[in-house]
Amino acid sequence: MWRGESIFMCESNSADDEAFIAYASAHFQPQWYLETYPDVAEAGVDPLSHWLDSGLWEGRLPGPNIALRRSADGHRLPSGAWKRFMWRGESIALKARQIPDAIISQIMAQGHHEPAVLAAGSLALPLLPHLEAVDLYSRDGVNSDSILSAVPDHPEIVFIIPQLATGDVEKYAASIVHALLDTRHRSILVFVTEQTAVAAGNWREQRALTPFQSAHIVFWQDICGPSYRDPTALARLLNALRPAVTIVADSRVGLEMVAKFGRGLSQFSRLCCIYLGSGVRGRIAPYNVRFHRQTAAFSLTLTNSEAAAKVLRDRHGEIMGLGIAILPYRVQPIDDRIFATRLAKRGARIAERLRRWIVCLSSDDEQNETTILAELARLRPHDEFALFGTIEASRTGSGLGPPNIFYRGALEDLVETDFGSYDAFISISFRGGMQCTVVEACLHGIPMILADADELRETFNDTAAVFVRPTVISQEAAVSFSAALNFLASLAPAQLNTMLVAARDQALARHATATHVNSMIDLLYTP
């Protein structure tokens, strides 16, 4: 104490520290500090000394209208009112927050219409507390330091996906990322909203996800904290980042964000919501049904087939907005010599007339598909069925009782899978979906027996595959698939060879890389 005033003395080793002490001393409010933090008052220590030594590092404020940011995010703050300092080797930013006179005048004028705004007294208006955006984050349990340190500055494109896996949604998203990076090497930020980094595991080893390795990946759960399901936190961050393009693919929090805040976000970012054909007619209402009406007014709706687009239009009508665009899956063409080698091996296998089939399940109607497969296996007890897909229930609970069904787990990388030991590829999904899987399978030079789904008909005709008409009765469907297998076995090698070449050519005509890239750029960057 000196002449009745509290004096803080500190031995400083740098001009930076001295500048910080001078600014802090001028704006520090000791009485407010002691009243706000009674533990400091009880300790009987000098309030300014306590704040500089420990309170600052504990997140305590020096006054009611002083904003504080430390090194993790101080460098990202706009210049002007923010004053940047170095204190004991760490970057500190402070801002004295004062309500402008114009704002106070507006509040006073509003008092004529709503006296409640002056309940605290007109003289108290200049002392009203300010609330920073990151303070709103903290209130909601969001770790703003983690977010600011994990997110790069101003990405041009933000992609929001649920997880890093080899499902159709993720493959579709990866193909878009590949197209964007191939053209202008854009800065792409990918938010993974429903998976942690630990759960994603070795995603970098999965060939289908290779394009994501050139983007900046952020696992939203890891950096956001307990409020990761709240679309408000994500919307605030995008409002700060202001990307030119924002694409949401099957992420619940992302679609909720567009539904709630799409009008504001669309003022600076071209919004795009992806609704794939998979599951449009599913038993459980997918995101296509739940969110399309809410997001279509603010965003471009992107889907993979005309069949899916028609279902969305029939369900919701023409909604004011950017409309619905169709972008088929992208496939990477294989070398003609590789395909010719596969055809030669296929011809040798056809001569053996073996009966080993590969079956892939969709995630949309697994229970019905496994029931059909079980019936088919009972009809053909001497055939072997290798089953790929994700089955939530136990093998018995899923109805996979026949001993000639062998569950092989999820098909992590279809492109690299060896189909040479199987005689045909079977898709049992009548409800749509599996388009990406089927298109990739045909490049292996393997005969295909396909459930007659509309979106597959947009790529293949009867010269490229054997189609099975849809039916709601499992036993009838199994009989139809068995008849299709018999028909396939009756074809001469030359006929099968013609079918395999037709399937490859038709797939590339619709899903070739060059076509996909040009369409993607036009959709995202054409007003």
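Here the structure is a predicted model, which means the values were calculated and not measured. (Residues numbered from 1 in each chain as written. Predicted model: local features only at pLDDT ≥ 70, side-chain atom pairs only at ≥ 80, totals over all residues. Heavy atoms only, no water.)

Q: Any chance you could explain the overall build of the chain here in plain terms?
A: Regarding its fold elements, the chain presents 22 helices and 16 strands. Expressed as a percentage of the 527 residues in the chain, the buried residues total 50%. Considering only intrachain contacts with a sequence separation of at least 6, the fraction spanning at least 24 residues in the chain is 70%. (Helix = DSSP H or I, 4+ residues; strand = E, 2+ residues; numbered from the N terminus. Buried < 20%, exposed > 50% of the residue type's maximum accessible area, 1.4 Å probe, protein only. Contact = heavy atoms within 4.5 Å.)

Q: Just to check I follow, could you spell out the packing of helix α18 (residues 435–442) against helix α21 (residues 493–511) for this structure?
A: Helix packing for two helices is described by the angle between their axes and how far apart those axes are. The interhelical angle for the contact between α18 and α21, taken along N-to-C directions, is 130°, at an axis separation of 9 Å. Judged on the interaxial angle alone, α21 and α18 are oblique. Seen from above, α18 lies across α21 with left-handed handedness. Judged by residue contacts, Q435, V439 and C442 of α18 engage A503, R504, A507, R510 and H511 from α21. Classifying every residue of the contact of α18 with α21 by side-chain character gives four nonpolar, two polar and two charged. (Axes fitted to C-alpha atoms, helices over the stretch in contact; angles between N-to-C directions. Parallel < 35°, antiparallel > 145°, perpendicular 65-115°, else oblique. Left-handed = near helix turned anticlockwise from the far one by under 90°. Nonpolar A, V, L, I, M, F, W, Y, C, P; charged D, E, K, R; others polar.)

Q: What is the right way to read the pairing of strand β2 (residues 83–87) from this model?
A: Each regular strand carries side chains that alternate between the two faces of the sheet. One ladder, built from five bridges, connects β2 with strand β3 (residues 90–96); its direction is antiparallel. Counted as the bridge partner of W87 is E90 from β3. (Pairing = 2+ DSSP bridges.)

Q: I keep staring at the pattern of salt bridges and nothing clicks. Help me out?
A: Oppositely charged side chains may form a pair once their charged atoms are brought near each other. What the rule picks out here adds up to 16 salt bridges. In this structure, D383 and R355 form a salt bridge, with 3.8 Å as the shortest nitrogen-oxygen distance. Taken together, the positions of D383 in the loop between α17 (366–379) and β12 (384–388) and R355 in the loop between α16 (336–352) and β11 (356–360) put the pair 28 residues apart, joining distant regions of the chain. D452 is the partner of R457 in a salt bridge, and the nearest nitrogen-oxygen pair spans 2.9 Å. (Salt bridge = Lys/Arg side-chain N within 4 Å of Asp/Glu carboxyl O.)

Q: It is not clear to me how the sheet that holds β2 should be interpreted in this structure. Could you clarify?
A: Two modes of strand pairing occur in sheets, parallel and antiparallel, and in both the strands are linked by backbone hydrogen bonds. Ordered by their spatial adjacency, three strands build an open sheet running β1-β3-β2, and the pairing between neighbours is antiparallel. Both outer strands of the open sheet, β1 (66–69) and β2, are each paired with one neighbouring strand and no more. Between one strand and the next, the sheet's axes are offset by a mean angle of 30°, whatever the strand orientation. Sheet topology note: the β1/β3 ladder contains four bridges and is antiparallel. Counted as the bridge partner of I66 is A96 from β3.

Q: Got a minute to help me understand the side chain of T459 in this structure?
A: Topologically, T459 is positioned in the loop between α19 (454–457) and β16 (466–468). A distance of 2.8 Å separates a polar atom in the side chain of T459 from a polar atom in the side chain of H511. In contact with T459, not counting residues within four places along its chain, are Q435, V439, Q506, A507, R510 and H511. (Polar contact = N/O pair within 3.5 Å; in protein donor to acceptor, adjacent residues only side chain to side chain.)

Q: Sorry if this is basic, but what is going on with unusual backbone geometry here?
A: For R242, which is not glycine, the phi dihedral falls at a positive 50°. By the element assignment, R242 lies in the loop between α12 (231–241) and β7 (245–249). Residue classification places R242 among the partly exposed residues on the basis of a relative accessible area of 48%. With a phi close to 65°, D250 is a non-glycine residue in the positive phi region. With respect to the helices and strands, D250 occurs in the loop between β7 and α13 (252–265). Classification of D250 by relative accessible area gives partly exposed; the value is 30%.

Q: I keep staring at the sheet that holds strand β6 (residues 216–219) and nothing clicks. Help me out?
A: A sheet is described by the order of its strands in space; here seven strands give the open sequence β6-β5-β4-β7-β8-β9-β10, paired in parallel fashion. The strands lining the two open edges of the sheet, one partner per strand, are β6 and β10 (324–326). Pairwise comparison of adjacent strand axes, ignoring direction, gives a mean angle of 20° for this sheet. Two strands pair when backbone bridges link them, and strand β9 (residues 300–303) and β10 are joined in this way by three bridges, in the parallel orientation. Residue pairing for β10: T303 is matched across the bridge by I326.

Q: Any chance you could explain the packing of aromatic side chains here in plain terms?
A: Here the distance between the centres and the angle between the planes together describe a pair of aromatic rings. For the structure on display, the rule yields eleven aromatic pairs. For the pair Y23 and F85, a centre-to-centre distance of 5.2 Å together with 40° between the ring planes defines the contact as tilted. One end of the pair, Y23, is in helix α1 (residues 15–27); the other, F85, is in strand β2, and 62 residues separate them in sequence. The class for Y23 is buried, based on a relative accessible area of 16%. With a centroid separation of 5.6 Å and 80° between ring planes, the pair formed by F191 and W220 is classed as edge-to-face. (Phe/Tyr/Trp six-rings, centres within 6.5 Å; stacked < 30°, edge-to-face > 60°.)

Q: Explanation requested: the environment of A174 in the structure shown.
A: Assignment of secondary structure puts A174 in helix α9 (residues 168–184). On the basis of relative accessibility, which here comes to 1%, the residue A174 falls in the buried class. For the pair A174 and R330, spaced 156 residues apart in sequence, the C-alpha to C-alpha distance is 9.4 Å.

Q: For this particular structure, what's the right way to read the nonpolar core?
A: Proteins that are soluble and globular tend to have nonpolar side chains buried together. Counting 34 residues, the largest nonpolar core has F159, I161, L164, I176, V190, F212 and I274 as the members making the most contacts within it. Examining the composition of this core, we find that eight residues originate from one element, α9, more than from any other. Every residue in contact with I161, bar those within four places of it in the chain, is listed here: A173, V190, F191, V192, T193, F212, A249 and S251. (Core = buried A, V, L, I, M, F, W, Y, C linked by side-chain atoms within 4.5 Å.)

Q: I would appreciate a short explanation of the environment of I473 in the present structure.
A: With respect to the helices, strands and loops of the structure, I473 is situated in the loop between β16 and α20 (474–490). Classification of I473 as partly exposed rests on a relative accessible area of 38%. Here the alpha-carbon distance between I473 and N368, two residues 105 residues apart in the chain, equals 9.6 Å.

Q: Please explain the packing of α12 against α13 as it appears in this structure.
A: The contact between α12 and α13 brings their axes to 9 Å, and the two run at 50°. As summarised for this structure, α12 and α13 are arranged oblique, according to the angle between their axes. Crossing of α12 against α13: the hand is right-handed. Contact residues: P231, T232, L234, A235, L238 and N239 in α12; V253, G254, E256, M257, K260, F261 and L265 in α13.

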